[in-house]
Amino acid sequence: MPIATVNPATGETERTFEPLGAHEIEECLARAAAAFDHFRTTPFTERAALLRRAADLLDEDTEDIARTITTEMGKPLAAARAEAGKCAKTMRWYAEHAEGLLADEHPDEGDVRDSGGARAFVRYRPLGVVLAVMPWNFPLWQVVRFAAPALMAGNVGLLKHASNVPQTALYLADLFRRAGYDEGCFQTLLVGSGAIEDILRDERVAAATLTGSEGAGRSVAAIAGDEIKKTVLELGGSDPFVVLPSADVDAAARTAVTARVQNAGQSCIAAKRFIVHEEVYEAFLERFAAGMRELTVGDPTDEGTDVGPLSSEQGRDDLEELVDDAVRGGATAVCGGQRPKGLDRGFYYEPTVLTGITTGMRVHREETFGPVATVYRVADLDEALAVANDTSFGLSSNVWTRDEAEQERCVRDLQAGGVYLNGMTASHPAFPFGGVKRSGYGRELSGHGIKEFCNTTTVWHGA
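Nothing here was measured: the structure is a model prediction, and the numbers come from that model.

Participant: Give a detailed account of the overall build of the chain, specifying residues and quantitative values.
Facilitator: For the chain, the helix and strand inventory stands at 15 helices and 19 strands. Relative to the 2.2 N^0.38 estimate, which gives 23 Å for 463 residues, the radius of gyration of the chain is 23 Å and therefore close to what a compact globule would have. When the backbone C-alpha atoms are referred to their principal axes, the chain occupies close to 70 × 60 × 40 Å. Classification of the 463 residues of the chain by burial places 56% in the buried group. Intrachain contacts of the chain at a sequence separation of at least 6 include 73% that bridge at least 24 residues. Carbon and sulfur atoms provide 48% of the accessible area of the chain, an area that totals close to 18800 Å².

What follows is the structure, encoded as C-alpha cells:
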C-alpha cells in the first residue's frame, strides 16, 4: 500500500510520501536509543510539564488537525474535533496521575521480615524504545492513548502509523517536538508494513504495541515472541449489545444508533450485534431502524453530516460483500443495504440493519467495520449470553437491564474486556481498555496501561 492521503469523500489522491530508506530508519533507531538513555532519568515533574505543553498545543491546533483527519480518513469534522479534545484530556490526566500510579509499592512488613530482609519495595522502571503500530480509524487517539502513558513512564516511542494517514502521523511527531521533547523521544516512521519486522527485531527496540487487525496482530506477536519482547495487542471486536425486558427501550434504541455508527461504524468497540429479548424485540427494532434511517450520510466537512464515508474503497467493498452474502442467505435488510444514491464519488455506504441472521452467514462470524448492524431475537438471558459469546472476539459488551441479578450474571458470564451496563462502551483514561480471545491481550489506559511497558522491579535490602 502506498503511503498517501486519499480523500475517502472523493476518492482522489491528495498527497503521496516516499517511505524512509534503511539509512533513515537506522538514524531514527539511534536517536531513539540515545533519547531513552537520557529521558528515562528525568523527573516526573519534567515529563508532566512536557505532556501538558503538548496538550495545550493540541488544543490550539484542533481545527487544523481535525480537517487533516477528515481529509485522510473521512471522519466528520465534529467527531475529529472531539477526538483531538479527548487526546488533550488524556495527556493532562496522565500528567497529573502518572507519578502516583508508578509510585513505589511496599509489601507487608511481615513478609519482608519473613524473606530475611530489612526492607523491600517494588519500583516501576521504563522498558525503553517502544514500537507502536497504529491504525487509521482514530488516528490521533489510538496513538495518544499509547504515547501519553509510555512517555510519562520514561519510555520513548517509534510510530509506524497506517499508510493512509501520513499527515496525521507527521503531525504527532511534530507536536511532541514543539512541546519540548527531544527529537528522539517520539518519532514517526513513514514506512510500509514490510519494514516492521526488521525494526522490531532490532535490539534497541524493547517492546511493541499494536492496534489493528487480527492478521497484523498475529504477525507482530510472532516476531516479538521470537525475539522475546513484550507486546500489547488491541485487535478486532464484534461487541454485543444485549437488550432485556426491564430495559428502557427508548434509551437503548437511541444509544444503539450512536453505538453502531460512531466513526461510520469503523470502531473496534462499536456495538455490532444487537441481541434483543423477544418481549421487547419489535419495539426495539422499530425504534432502532427508524433512528438509523434518519441519519444524514454525506460530505464529512458538512457540519450536518452524521455518517461520513468509509476510509477506503476496499473497506466499503468488504462491507458490501458481507451484507450481500447475508441477504443471499436469507437475511432481511430492514433499512439500508446498499450504496446511497447521489453520492457517486467517495466510499459511502448506507446505515444498515439486518435481521434473520444465521450462524452460516459470514456477517455472523466476521467483524462488520462499517455502519451495518445485525439484530438477533432471543428467548431469555441464557440464549442472549450464548449468542453474545458466540464470537472469536471479546473486546467489550453492552447490556441493558434494570434487573440487578441479570446485571451480575452478565458481568460474570460475558466473555469481554468490558461490560457496560445501560450505556455505550467508551474509553476513558481512568479505566483499563483491552480484550480477550482474538481481540488481543494486555491493557491500555489507567494504571494498568502505564505499567504494561514498565520493568516491575523488586528492590530488597538485607538485614
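Participant: Describe in detail the pattern of salt bridges, supporting the description with residues and values.
Facilitator: Opposite charge on two side chains allows them to pair when their charged atoms are near. Going through the model one piece at a time under the given rule, you end up with 37 salt bridges. Between Glu234 and Arg145 there is a salt bridge whose closest N-O contact spans 2.6 Å. With a gap of 89 residues between them, Glu234 in strand E8 (residues 230-234) and Arg145 in helix H5 (residues 141-152) connect regions that are remote in the sequence. In this structure, Glu234 and Arg145 share a single accessibility class: buried. In this structure, a network of salt bridges that share partners links the residues Asp61, Asp174, Arg177 and Arg178.

Participant: Summarise the sheet that holds strand E6 (residues 186-188); cite the residues concerned and give the values.
Facilitator: Read across the sheet, six strands follow the order E6-E5-E4-E7-E8-E18 without closing on themselves; strand pairing throughout is mixed. On the outer flanks of this sheet lie E6 and strand E18 (440-441), each paired with one strand and no other. Here five bridges tie strand E4 (residues 129-133) to strand E7 (residues 205-211), and the two strands are oriented parallel to one another. By the bridge assignment for E7, Leu131 is matched with Ala208.

Participant: Tell me what's going on with the side chain of Gln187, and back it up with residues and numbers.
Facilitator: Relative to the assigned elements, Gln187 resides in strand E6. Exposure remark for Gln187: the relative accessible area of 4% places this residue in the buried category. Here the side chain of Gln187 touches Cys28 through a polar contact of 2.9 Å, landing on its backbone oxygen. In terms of polar contacts, Gln187 uses its side chain to reach the side chain of Arg31, at 3.0 Å. With sequence-adjacent residues up to four places away left out, Gln187 is seen in contact with Cys28, Arg31, Ala32, Gly157, Leu158, Leu159 and Ala173.

Participant: Lay out helix H6 (residues 166-178) with the relevant residues and their values.
Facilitator: Taking 1.5 Å of rise per residue, 13 residues should cover 18 Å, and H6 covers 18 Å from first to last C-alpha, within 8% of that figure. Within the span of H6, buried status applies to Pro166, Thr168, Ala169, Tyr171, Leu172, Ala173, Leu175 and Phe176. Once H6 ends, the next one or two residues include Gly180, with phi positive near 115 degrees.

Participant: How would you explain the pairing of strand E1 (residues 3-7) if you had to name every residue and give the values?
Facilitator: In terms of burial, E1 is largely enclosed, as four of its five residues are buried. Pairing of E1 with strand E2 (residues 12-17) involves five bridges; the strand directions are antiparallel. Pairing of Asn7 across the sheet is with Glu12, part of E2. With antiparallel pairing between neighbouring strands as the criterion, E1 and E2 make up a hairpin whose turn holds four residues, including Gly11 at a positive phi of roughly 80 degrees.

Procedures and definitions
Residues numbered from 1 in each chain as written. Predicted model: local features only at pLDDT ≥ 70, side-chain atom pairs only at ≥ 80, totals over all residues. Heavy atoms only, no water. Helix = DSSP H or I, 4+ residues; strand = E, 2+ residues; numbered from the N terminus. Rg over C-alpha atoms; globule rule 2.2 N^0.38 Å. Buried < 20%, exposed > 50% of the residue type's maximum accessible area, 1.4 Å probe, protein only. Contact = heavy atoms within 4.5 Å. Areas by Shrake-Rupley, 256 points an atom, 1.4 Å probe, with all protein chains shown as cover. Salt bridge = Lys/Arg side-chain N within 4 Å of Asp/Glu carboxyl O. Pairing = 2+ DSSP bridges. Polar contact = N/O pair within 3.5 Å; in protein donor to acceptor, adjacent residues only side chain to side chain. Expected span 1.5 Å × (residues − 1).

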